[in-house]
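Architecture at a glance
Next come the chains, spelled out residue by residue.
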Amino acid sequence: MRYLIHLAIHYPLSSFLIVVIWFLCFCTPPHTRLNHVAFIDKWTHIAMYLLTCCTIWEEYLHRHRSVAWCKAVLLAWAAPVVMSGLIEVLQATCTGGRRSGEWLDFAANTTGATLALVIGILRARSRAK
């Protein structure tokens, strides 16, 4: 628990975005005019995780002079991907049918996190030069 408080203090924007993701994943989504756009839900998942993971990278790079690659990848890629899988399982089992956990949502989340990983690596390497 102490480590989670430490992360929330040192990564405030990332923590806020993670809370927003948890909230959005368990509330009932509103109907909009964009509902007819093909795969709008998947694009939204990619964007949420791309933004969140890029924010994690930026806050990490801002706080550290050198990159501990194992820790950075764990924090900015693996943890969000695991969180995404947990959310999908909870949606499938704990929402009483209001939300459904989907493997394609998990794949979209992982895609967003992976894109952010590539951006984060490029950003860290360009900063090191």
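Described in the following lines is the structure provided in the data block.

Glancing now at the overall build of the protein. Summing up its helical and strand segments, the protein has 5 helices and 0 strands in all. Taken over C-alpha atoms, the radius of gyration comes to 16 Å for the protein, in line with the 14 Å a tight globule of 129 residues would show. Dimensions of the protein, computed from the C-alpha atoms along their principal axes, are close to 50 × 35 × 20 Å. By the burial criterion, 33% of the 129 residues in the protein qualify as buried. For the protein, restricting intrachain contacts to residue pairs at least 6 apart in sequence, the fraction spanning at least 24 positions comes to 77%. As presented, the protein carries roughly 8500 Å² of accessible surface, and 72% of it is formed by carbon and sulfur atoms.

Under the defined criterion, the tally for this structure stands at 4 aromatic pairs. For the ring pair Trp22 and Phe26, a centre distance of 5.8 Å and an interplane angle of 15° mean the geometry is stacked. Taken together, the residues span about one helical turn, with Trp22 and Phe26 both in helix H2 (residues 12-26) at a distance of 4 residues. On the basis of relative accessibility, which here comes to 28%, the residue Trp22 falls in the partly exposed class. A ring pair is formed by Trp103 and Phe106, whose centres lie 6.0 Å apart and whose planes are at 85°; its orientation type is edge-to-face. Of the two residues, Trp103 and Phe106 are both situated in helix H5 (residues 103-128); the distance of 3 residues between them amounts to about one turn of the helix.

Here is what the cut-offs are and how they apply
Residues numbered from 1 in each chain as written. Predicted model: local features only at pLDDT ≥ 70, side-chain atom pairs only at ≥ 80, totals over all residues. Heavy atoms only, no water. Helix = DSSP H or I, 4+ residues; strand = E, 2+ residues; numbered from the N terminus. Rg over C-alpha atoms; globule rule 2.2 N^0.38 Å. Buried < 20%, exposed > 50% of the residue type's maximum accessible area, 1.4 Å probe, protein only. Contact = heavy atoms within 4.5 Å. Areas by Shrake-Rupley, 256 points an atom, 1.4 Å probe, with all protein chains shown as cover. Phe/Tyr/Trp six-rings, centres within 6.5 Å; stacked < 30°, edge-to-face > 60°.

All quantities given are derived from atomic positions and should not be read as evidence of function.
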